[in-house]
Number of protein chains: 2
Amino acid sequence: MRDDFPRYLAKELDVADPLAELRDRFVINDDDLIYLDGNSLGRLPAATPDFLARLVRDGWGTGLVRSWPTWIDWGRRLGDQLARHALGARPGEVVISDSTSVNLYKLAGAALDATPDRGTILVDAEEFPTDRYILQGLAEQRGRILRRLPSDLDQGLRPDTLRAALDSDVALVVLSAVSYRSGALLDMAAVNAAAREVGAYVLWDLSHAVGAVPVQLTASGADLAVGCTYKYLNGGPGAPAFLYVREELQATLRQPIWGWFGQRDQFQMRSDYEPAGDLDRFLVGTPPILSVAAVEPALAVLAEAGIERIRQKGLRLGELIVELADAWLAPHGFSLASPRDPHRRGGHVSLSHPEALRISRALAAEARVVGDFRVPDRLRLCAAPLYTRFVDVWDAMDRLRDVAEQRSYLRLPATPSRLT
Amino acid sequence: MRDDFPRYLAKELDVADPLAELRDRFVINDDDLIYLDGNSLGRLPAATPDFLARLVRDGWGTGLVRSWPTWIDWGRRLGDQLARHALGARPGEVVISDSTSVNLYKLAGAALDATPDRGTILVDAEEFPTDRYILQGLAEQRGRILRRLPSDLDQGLRPDTLRAALDSDVALVVLSAVSYRSGALLDMAAVNAAAREVGAYVLWDLSHAVGAVPVQLTASGADLAVGCTYKYLNGGPGAPAFLYVREELQATLRQPIWGWFGQRDQFQMRSDYEPAGDLDRFLVGTPPILSVAAVEPALAVLAEAGIERIRQKGLRLGELIVELADAWLAPHGFSLASPRDPHRRGGHVSLSHPEALRISRALAAEARVVGDFRVPDRLRLCAAPLYTRFVDVWDAMDRLRDVAEQRSYLRLPATPSRLT
């Protein structure tokens, strides 16, 4: 079977890859390790350590409190870069702040408070847990109904299912553009248009989309969005998230956490809260500058590559994973747990296998391939285009086949750890 | 006048200072600059750059996603250290997470939701703005009354004022242990006892207290607290804040932002939100690890010094500021805008002057002394005990006197900048 797609063909794809040289923009000091988990935590950009060291030494150590004038707008400046290079949004519509969960709470809260006469929130039943939990809390606190739309674990939410659920009682729809588990990619423009017809807000979670697929927030008519910067954007562990609010909505929507970074003329320290007139009103407290800073050199790599080229390479990497899974892994009990059409997938591919948990452990421990496990029985594989070679995918699938064949994983514990 | 307290006496105090050698634990590469703004942003600990560099290179760069098992509990581990060395709290009661503002929202929201039959929130009318704004929002959203207690701008809240306002309709009292403007220090145990008599929760903002004065959360009977780690704790710009929930309250209180870090068995990704049984339920989203990390080497310096020794030195430094202000600055129109009794002050001293804004600017630009301005007419001076010498205070006050005498500040603009 292995001769169906010999390794030299993967090497040829690397030779022809216009993004190949960008691999050097990352710290890769263990060349035997194949990292297919960039959709969980992206790699360290090579420019980041010096960038951070300078910030710590000069900005904090020498500049001290006098550096705040350059720090205070950093989230806005990076937000504008992100808007331009990855989100198809306008200046002043995106800011880096807080965690994805807190941002989701702020924007979902804002949308609900703007629609007091509507009783329903729609969410994909398979939406990433924190989104569902945040919405469950908001629904309970504000006396709304959270309706979980049935969704296929592999194929994602069907457009029909959403359309059938949309009516004039719907206040808010929350969906991931790319599903965290299956990688299923939604048609954002179609969802936005359908929701607009019934007057509902759409809040997008772009955590698994941003930096992997071109997002067009303005052109697709998106209202609200949040997302991570530590996956395909390579901003570092727990790097602060972003939020997007369409310019036309900024003057009317108000979020529930009235912190001083959202206050007009913040340092006047006035008696009453009066929200800033622009995107700043969606901010709350003092941003964690070291973690914000690490997003800057990471975005520079994204800008250099260009999101369209990233997507093109990502499509081919994904197709290679699927082709080799069909040829080499299906005989060992693996099934594709993502849409088969590459244009309906984001940047990762899921495979299901009854022993996925133990296989993912054996893969990392014995075969030095890092993917990740997701309940109930999924192995997620992400070939992040900025630093993953076609030959890495070939080698990873080859090693995965060996693990499946030799069944050494049967010696490992099948009990979940705290992080699985 | 200057002979009243000759400079050599300040030098003698430094020779006798048991914490003097700890100054070397900080990066101080501009010895002519006198930094009296450690209550806004603390200095860079000398161990921090290497600590962060190792984390970035080894933890992120090499470890990649495999480092999460050591990162995920970091906020709890650091919280326990903070509890032990600075807060007088028990293990499992303190965690580092989010910003002070978001933490305040979570804990105030929890207290209000636990007291649905009580209509009033009490706050010091001169409380730090973000606290007042957050509470204003919560009051409006939950149909409560936010009552602002009149408070002296220099002396802080009078115990009588609070006692007179406490009745069985009070759900929550929010106060700073040390006032951000005057530095006035409250008797936490007395406030906690008075509030308990009427069944109200007290939520302390410890931002200007932690690391400057010994706080005894357990012994004083405190319910809830939040605070910064970037002031006296030297955790770096915008370092994540901490929150404290008394152990006995953890099983009953619930906070409004239901993120996945607050979920029991987080990675099981279950359908319904069920809050963790312990302090974890007050967490929300993925923590910004680089910014969390910087708190660790900073706490090591605090632990080495010991909070009691820090307070003792802080008292003497404050007394020196007041003594020299009386002798040298009162003739130039300055008045003490903090309690005169050192035991009623935290770690900083405020002076009022009609030209405080321009004087603070001239002081930094011409005399190389960094303090800070606060509306309406306050100059805040903080001699952080871990790295400030008595002779620094002497020199700073001497330079301030020169600025006041020569009135060169009259050439500077009197319009506030965004950050003043």
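Residues numbered from 1 in each chain as written. Chains lettered and ligands numbered in written order. Predicted model: local features only at pLDDT ≥ 70, side-chain atom pairs only at ≥ 80, totals over all residues. Heavy atoms only, no water.

- By the naming in an unreviewed UniProt entry, chain A is Kynureninase, taken from Micromonospora nigra.
- According to the UniProt record, the Sequence similarities (unreviewed entry) comment for chain A is "Belongs to the kynureninase family."
- UniProt, in its Function (unreviewed entry) section for chain A, records the words "Catalyzes the cleavage of L-kynurenine (L-Kyn) and L-3-hydroxykynurenine (L-3OHKyn) into anthranilic acid (AA) and 3-hydroxyanthranilic acid (3-OHAA), respectively." (UniProt positions renumbered as here; feature names shortened; annotations may be inferred.)

### A few points about the sheet that holds strand E5 (residues 170-176) of chain B
Residues and elements named next belong to chain B.
- Spatially, seven strands are ordered E2-E8-E7-E6-E5-E3-E4 in an open sheet, and the strand pairing comes out mixed. Of all the strands in the sheet, the pair left with one neighbour each is strand E2 (94-96) and strand E4 (145-149). For this sheet the average axis-to-axis angle between neighbouring strands, irrespective of direction, equals 20°. (Pairing = 2+ DSSP bridges. Helix = DSSP H or I, 4+ residues; strand = E, 2+ residues; numbered from the N terminus. Axes fitted to C-alpha atoms, helices over the stretch in contact; angles between N-to-C directions.)

### Some details on the UniProt feature "binding site: pyridoxal 5'-phosphate" (unreviewed entry) in chain A
Residues and elements named next belong to chain A.
- Those places that UniProt annotates as "binding site: pyridoxal 5'-phosphate" (unreviewed entry) correspond, in this numbering, to Thr100, Ser101, Phe128, Pro129, Thr130, Asp131, Asp205, His208, Tyr230, Trp260 and Thr286. A stretch of 187 residues holds the annotated residues, and the largest C-alpha distance among them is 30.5 Å, long enough that they do not meet in one place. Lining the largest cavity, from the residues named above, are Thr286.
- Overall, the relative accessible area of 10% leaves threonine 100 in the buried class.
- If we ignore the near neighbours within four places in the chain, the residues touching threonine 100 are Asp205, Ser207, Val226, Gly227, Cys228 and Ala241.
- For histidine 208, the location among the structural elements is in the loop between strand E6 (201-205) and strand E7 (224-227).
- Not counting residues within four places of it along the chain, the set of residues in contact with histidine 208 comprises Asn39, Val178, Tyr180, Lys231, Tyr232, His348 and Arg380. (1 Å grid on protein atoms, 1.4 Å probe; cavity = no way out; pocket = protein on both sides within 12 Å on 5 of 7 lines; lining within 4 Å. Buried < 20%, exposed > 50% of the residue type's maximum accessible area, 1.4 Å probe, protein only. Contact = heavy atoms within 4.5 Å.)

### What to know about the packing of aromatic side chains
- Throughout the structure, instances matching the rule amount to 21 aromatic pairs over all chains.
- An angle of 85° between the planes, with centres 5.2 Å apart, marks the rings of Trp328(B) and Trp394(B) as edge-to-face. Taken together, the residues span a long stretch of sequence, with Trp328(B) in helix H11 (residues 307-329) and Trp394(B) in helix H13 (residues 390-406) at a distance of 66 residues.
- One aromatic cluster in this structure is built from Phe128(A), Tyr180(A), Trp260(B), Phe261(B) and Phe267(B).
- When the ring centre of Trp258(A) is taken as reference, the NZ or CZ atom of Arg254(A) above it lies at 4.7 Å. (Phe/Tyr/Trp six-rings, centres within 6.5 Å; stacked < 30°, edge-to-face > 60°. Lys NZ or Arg CZ within 6 Å of the ring centre and 35° of its normal.)

### Digging into the interface of chain A and chain B
- With 82 residues of chain A at the interface, the matching set in chain B holds 82 residues.
- Each partner contributes to the roughly 7200 Å² buried at the junction of chain A and chain B, and carbon and sulfur atoms together form 64% of this total.
- Here chain A is connected to chain B by two salt bridges.
- Close ionic contact of Asp272(B) with Arg148(A) constitutes a salt bridge, the shortest N to O distance being 3.0 Å. (Buried area = accessible area lost by both parts, 1.4 Å probe. Salt bridge = Lys/Arg side-chain N within 4 Å of Asp/Glu carboxyl O.)

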